[in-house]
Amino acid sequence: MEELLERLLEECRPAAGQGKVADYIPELSKGDPEALGIYVIGSEGKRSWAGDCRQVFTIQSVVKPILLLQALMDNGAEFVMSRVGVEATGKPFDAINFSDQSLDSGNINPMVNMGAIVMCSLIHGRSYDERFQRLLELTRRLAGGEIGVDQAVYRSEKSHGSKNRALAYLLKSNGLLDGDVEEVLDCYFRACSIQVDCRALAHIGAVLSNRGRLPVSNERIFPAAMSRYVNAILMTCGMYDGSGEFALRVGVPAKSGVGGGIMAVVPTRMGIGIFGPALDRKGNSVAGIRLLERLSAELHLSIF
Ligand code: GLU
């Protein structure tokens, strides 16, 4: 497996040249455009990796499935579905244009910013600090190790978050967001700034592939029904407005983030963590997708 990963990684690394590191949040622009790493954790616990796996980066949108899990664990599926829908928006992660659709809960998707902001408000806790700490604790358990928050990215997100503020106030003015808007947003910015590496993303993917149980120990973290819920949404909306093409090229549930991370779930078989900060126009890692496409072809990973 290591040999295969090494070979595919070197084959796909040049693809990074076609992408660009995110710079709409200044702190993100410091990412190394040539970095590429992959880590795989099989459902029986076997680990394999290649490339720049040790580099730490911010989780960004890959936190969205974890926000969804926490919201589901705290409120149950019926209540969550009454606040955020499950239909793909087919629009960029921070889209604000609803001119051809009414703005109601059924049209808010948890894998894009509007839905993720709503989910921050659904997490239980007496204060927003407590809500964030609970999210961080769940992320630690899913990632199988210590993780922190990148304070510089958090400050950068917060001071360049006008678009997210616009989305949150739009939700609030339409009666779709409870609580203090700035506090909810602060929780969202902190959530995006959680630090991970490829191993952590692979571990999170392995729990989702293992129907809610940790690899090796088999300890249950969340019910199997919730992994079905999350994996289904990842399949249709996890790669922003590139989810349809990703389903064709790779064919597994996955979530990308503008920090360059991709967390992929191969149901019952493995979790995969990717780091490759050079992004395509839709915000997905160019070399990362290429690498997953090649791995999927070699190991017949597509669920279709
Ligand atoms: N921090 C990012 C934002 O909301 C997350 C975007 C992403 O990874 O898609 O602007």
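Residues numbered from 1 in each chain as written. Predicted model: local features only at pLDDT ≥ 70, side-chain atom pairs only at ≥ 80, totals over all residues. Heavy atoms only, no water.

A.B. asks: Please clarify how the overall build of the protein should be interpreted in this entry.
C.D. replies: Counting its secondary structure elements, the protein contains twelve helices and nine strands. Against the compact-globule benchmark of 19 Å for 304 residues, the protein has a radius of gyration of 18 Å, which places it among compact chains. Counting only C-alpha atoms and orienting by the principal axes, one finds that the protein spans roughly 55 × 40 × 35 Å. A buried classification covers 59% of the 304 residues belonging to the protein. Restricting the contact set of the protein to residue pairs at least 6 apart, pairs at least 24 apart contribute 69%. Taking the average location of the 33 positive side-chain charges in the protein and that of its 35 negative ones, the two points are 3 Å from each other. (Helix = DSSP H or I, 4+ residues; strand = E, 2+ residues; numbered from the N terminus. Rg over C-alpha atoms; globule rule 2.2 N^0.38 Å. Buried < 20%, exposed > 50% of the residue type's maximum accessible area, 1.4 Å probe, protein only. Contact = heavy atoms within 4.5 Å. Lys, Arg positive; Asp, Glu negative; His and termini not counted. Charge placed at Lys NZ, Arg CZ, Asp CG, Glu CD.)

A.B. asks: Just to check I follow, could you spell out the environment of Glu146 for this structure?
C.D. replies: Here Glu146 lies in the loop between helix 5 (128-143) and helix 6 (151-159). Expressed as a C-alpha distance, the spacing of Glu146 and Ala200, which sit 54 residues apart in the sequence, is 9.3 Å. Within polar-contact distance, the side chain of Glu146 engages the side chain of Arg140 at 3.2 Å. (Polar contact = N/O pair within 3.5 Å; in protein donor to acceptor, adjacent residues only side chain to side chain.)

A.B. asks: Help me understand the pairing of strand 8 (residues 270-275) in this model?
C.D. replies: Residues in a regular strand point their side chains to alternate faces of the sheet. Within strand 8, six of the six residues are buried, which leaves it mostly tucked inside the rest of the structure. Pairing geometry for strand 2 (residues 37-42) and strand 8, over six bridges, is antiparallel. Following the sheet pairing, Gly42 is matched in strand 8 by Met270. Pairing of strand 7 (residues 261-266) with strand 8, which is carried by six bridges, proceeds in the antiparallel orientation. Bridging across to strand 8, Gly261 finds its partner in Phe275. (Pairing = 2+ DSSP bridges.)

A.B. asks: What should I look at first to understand the site of the ligand in this one?
C.D. replies: Close contacts around the ligand come from Tyr24, Gln60, Ser61, Phe93, Asn113, Glu157, Asn164, Tyr188, Cys192, Tyr240, Gly257 and Val258, and that covers them all. With respect to the ligand, the side chain of Ser61 contributes an N or O atom lying 2.5 Å from an oxygen atom. In this structure, an oxygen atom belonging to the ligand sits 2.6 Å away from a side-chain N or O atom of Tyr240. Against a free-state accessible area of 300 Å², the protein chains account for coverage of 98% of the ligand. Taken together, the residues of the shell around the ligand sort by class into six nonpolar, five polar and one charged. (Near = heavy atom within 4 Å. Areas by Shrake-Rupley, 256 points an atom, 1.4 Å probe, with all protein chains shown as cover. Nonpolar A, V, L, I, M, F, W, Y, C, P; charged D, E, K, R; others polar.)

A.B. asks: So what exactly am I meant to see when it comes to the packing of helix 7 (residues 162-173) against helix 8 (residues 181-192) here?
C.D. replies: Helix packing geometry: the angle between the two helix axes and the distance between the axes. The interhelical angle for the contact between helix 7 and helix 8, taken along N-to-C directions, is 135 degrees, at an axis separation of 10 Å. Relative to helix 8, the element helix 7 is oriented oblique. Like other packed secondary-structure pairs, helix 7 and helix 8 cross with a definite hand, here right-handed. Every residue of helix 8 that contacts helix 7 at Asn164, Arg165, Ala168, Tyr169 and Lys172 is listed here: Val181, Glu182, Leu185, Tyr188 and Phe189. Taken together, the residues of the contact of helix 7 with helix 8 break down into six nonpolar, one polar and three charged. (Axes fitted to C-alpha atoms, helices over the stretch in contact; angles between N-to-C directions. Parallel < 35°, antiparallel > 145°, perpendicular 65-115°, else oblique. Left-handed = near helix turned anticlockwise from the far one by under 90°.)

A.B. asks: Explanation requested: the pairing of strand 7 in the structure shown.
C.D. replies: Within strand 7, six of the six residues are buried, which leaves the element mostly enclosed by the surrounding structure. The alternating pattern of strand 7 places Gly261, Met263 and Val265 and Ile262, Ala264 and Val266 on opposite faces, both of which are buried. Alignment of strand 6 (residues 254-256) against strand 7, held across three bridges, turns out to be antiparallel. Bridge assignment links Lys255 to a residue of strand 7, and that residue is Met263. Counted along the chain from strand 6 to the antiparallel partner strand 7, the turn is four residues long, and its residue Gly260 has a positive phi close to 105 degrees.

A.B. asks: What exactly am I supposed to notice about the pattern of salt bridges here?
C.D. replies: Note that side chains of opposite charge can pair when their charged atoms are close. All chains considered together, the criterion is met by 21 salt bridges. The salt bridge partner of Glu137 is Arg140, with a shortest N-O separation of 3.5 Å. Note that Glu137 and Arg140 are positioned in helix 5 at a spacing of three residues, about one turn of the helix. By relative accessible area, Glu137 is classed as partly exposed at 39%. The shortest N-O distance in the salt bridge between Asp186 and Arg190 comes to 3.8 Å. Here Asp186 pairs with Arg190, and both are found in helix 8, just four residues apart, close to one helical turn. Considered together, Asp186 and Arg190 belong to a single accessibility category, that of buried residues. A network of salt bridges, in which partner residues are shared, links Arg7, Glu11, Arg294 and Glu298. (Salt bridge = Lys/Arg side-chain N within 4 Å of Asp/Glu carboxyl O.)

A.B. asks: What should I look at first to understand helix 12 (residues 286-299) in this one?
C.D. replies: Side chains three or four residues apart in an α-helix point the same way, a direct result of the helix having 3.6 residues per turn. Here helix 12 is 14 residues long and its end C-alpha atoms lie 20 Å apart, about the 20 Å a rise of 1.5 Å per residue gives. For helix 12, the buried fraction is high: ten of the 14 residues fall into the buried class. Turning to helix 12, its buried residues are Val286, Ala287, Gly288, Ile289, Leu291, Leu292, Glu293, Arg294, Leu295 and Ser296. Its buried side turned inward, helix 12 meets helix 1 (2-12), strand 2, helix 11 (243-249), strand 7, strand 8 and strand 9 (278-279). N-capping of helix 12 is provided by Ser285, with a side-chain oxygen placed 3.0 Å from the backbone N of Gly288. Backbone geometry just after helix 12 places His300 at a positive phi near 50 degrees. (Expected span 1.5 Å × (residues − 1).)

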